[in-house]
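Structure assessment
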Amino acid sequence: MKNIVILTGAGISAESGLQTFRAADGLWHGHKIDDVATPEAYARDPNLVNEFYNARRRQLSEVKPNEAHLALAKLVKNWHRGEVLIVTQNVDDLHDRAAKEYGVPGHLIHLHGELLKARCTKTNFPTEWHGDILPDTVSPFDKTATLRPHIVWFGEMPFDMDEIYKALLKSSLFLSIGTSGNVHPASSFVEIAKRSGAHTVEFNIEPSVGNSLFDETRIGKATETVPAYVDELLRNE
Ligand code: BV8
């Protein structure tokens, strides 16, 4: 059995036209992270935080999956020597759409939530949500409650951690694509995979903070390095 776990970050969506987080200016769509991606920011200024996510949700209709997203979906479809799990830090739906194109739903965890979902502030139930969220948008689960973005902010618990740890502990191959390795607990996944005996490979346009932890590095744009690597894997399957 050769199980594969793949961690992706904003870099895999960069060539689709979605901005990464830590561009040189350290700003994120013109905002400081503490002003738009923490529960305190949301309590302080729900309009600003909702608009930050509304703008990014609207942008999804203008972009599409790139060759890197599609290559991973092709791997999920054609890899028969074990399981493939994609764990993405991204909240866009580009992996989801690539999986749909290849007819392979599932095999994907959104560790930090999803732009196209909203969550009831009382019941915590999530629901598909493609429109804007306003501070007074009424929850479909409880008329006395409102909705918030279904996003994991800094200081909040990421989703599906047990499932992710289980997959890492039985992985033989760990790929990390387009992430700067700044954010915890995602940045620690490579160490867990290594401890389980997995071969670890980083794909980036430059070495990330945690690059020394990887057995192998493929420098280049994800739309070039990822399809090439997937073809290598499937040729030798
Ligand atoms: C938690 C919201 C407890 C969604 C995000 C001190 C030390 C260690 C940790 C902490 C600390 N103080 C606080 C913490 C914890 C904190 C944290 O890590 N802070 C950091 C900043 C120090 N983490 C948390 O609060 C997390 N929760 O820890 O709970 C816990 C602990 C253990 C186990 C369980 C629970 C919650 C973190 C989630 C925060 N939410 N986003 C949204 O609005 O989008 S994080 C945000 O950053 C995004 O999700 C993003 O995905 C993520 C990581 O960024 P990257 O994806 O790596 O993007 P970045 O721009 O940084 O890098 C892009 C990379 O792509 C670059 O390397 C670039 O070179 C490359 N690239 C660019 N173009 C290409 C490319 N590569 C290939 N091809 C290209 N074309």
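A brief look at the structure comes next. (Residues numbered from 1 in each chain as written. Predicted model: local features only at pLDDT ≥ 70, side-chain atom pairs only at ≥ 80, totals over all residues. Heavy atoms only, no water.)

1. Here we look at helix H7 (residues 161-169)
For H7, every residue scored as buried is listed here: Met161, Ile164, Ala167 and Leu168. Buried residues of H7, viewed axially, fall in a sector of 125 degrees; they line one side. For H7, the exposed residues set more than 90 degrees away from the buried face come down to Asp162, Lys166 and Leu169. In this structure, the buried residues of H7 make contact with strand S1 (4-8), strand S2 (84-88), strand S3 (108-110), strand S7 (173-177) and helix H8 (189-195). (Buried < 20%, exposed > 50% of the residue type's maximum accessible area, 1.4 Å probe, protein only. Helix = DSSP H or I, 4+ residues; strand = E, 2+ residues; numbered from the N terminus. Arc of directions from axis to C-beta. Contact = heavy atoms within 4.5 Å.)

2. Considering the site of the ligand
Looking at the ligand, there are 37 residues lining it, with Arg22, His112, Gly155, Ser180 and Asn204 nearest. Within the backbone of Glu156, one N or O atom sits 2.8 Å away from a nitrogen atom of the ligand. Contact with the protein chains covers 77% of the free accessible surface of the ligand, which is 1,500 Å². Of all the secondary structure elements, the ones that give two or more residues to the shell around the ligand are helix H1 (11-14) and helix H4 (46-59). For the shell around the ligand, the per-class residue count stands at 17 nonpolar, 14 polar and six charged. (Near = heavy atom within 4 Å. Polar contact = N/O pair within 3.5 Å; in protein donor to acceptor, adjacent residues only side chain to side chain. Areas by Shrake-Rupley, 256 points an atom, 1.4 Å probe, with all protein chains shown as cover. Nonpolar A, V, L, I, M, F, W, Y, C, P; charged D, E, K, R; others polar.)

3. Section: the sheet that holds strand S5 (residues 126-128)
Read from one edge of the open sheet, three strands run S5-S4-S6, paired in antiparallel fashion. Each edge of the open sheet is held by one strand with a lone partner, namely S5 and strand S6 (147-151). Here the average twist between neighbouring strands, direction ignored, is 45 degrees. Of the strand pairs in this sheet, strand S4 (residues 113-120) and S6 are connected by four bridges, and their pairing is antiparallel. The partner of Cys120 across the bridge, within S6, is Leu147. Seen against the sheet, H4 touches S4 and S6 and runs at an angle of roughly 135 degrees to S4. (Pairing = 2+ DSSP bridges. Axes fitted to C-alpha atoms, helices over the stretch in contact; angles between N-to-C directions.)

4. A short note on the packing of aromatic side chains
The final tally for this structure, using the stated rule, is seven aromatic pairs. Note on Phe203 and Tyr229: the rings are 5.1 Å apart at their centroids and 75 degrees apart in plane angle, and the pair reads as edge-to-face. On the criterion of sequence distance, the pair formed by Phe203 in strand S8 (residues 199-204) and Tyr229 in helix H9 (residues 222-235) is long-range, its members being 26 residues apart. Since its relative accessible area comes to 3%, Phe203 is described here as buried. Residue Tyr229 is classed as buried on the basis of its relative accessible area of 6%. These aromatic residues form a ring-pair network of at least three members: Tyr42, Phe52, Tyr53 and Trp153. (Phe/Tyr/Trp six-rings, centres within 6.5 Å; stacked < 30°, edge-to-face > 60°.)

Purely spatial values, then, with no claim about function.
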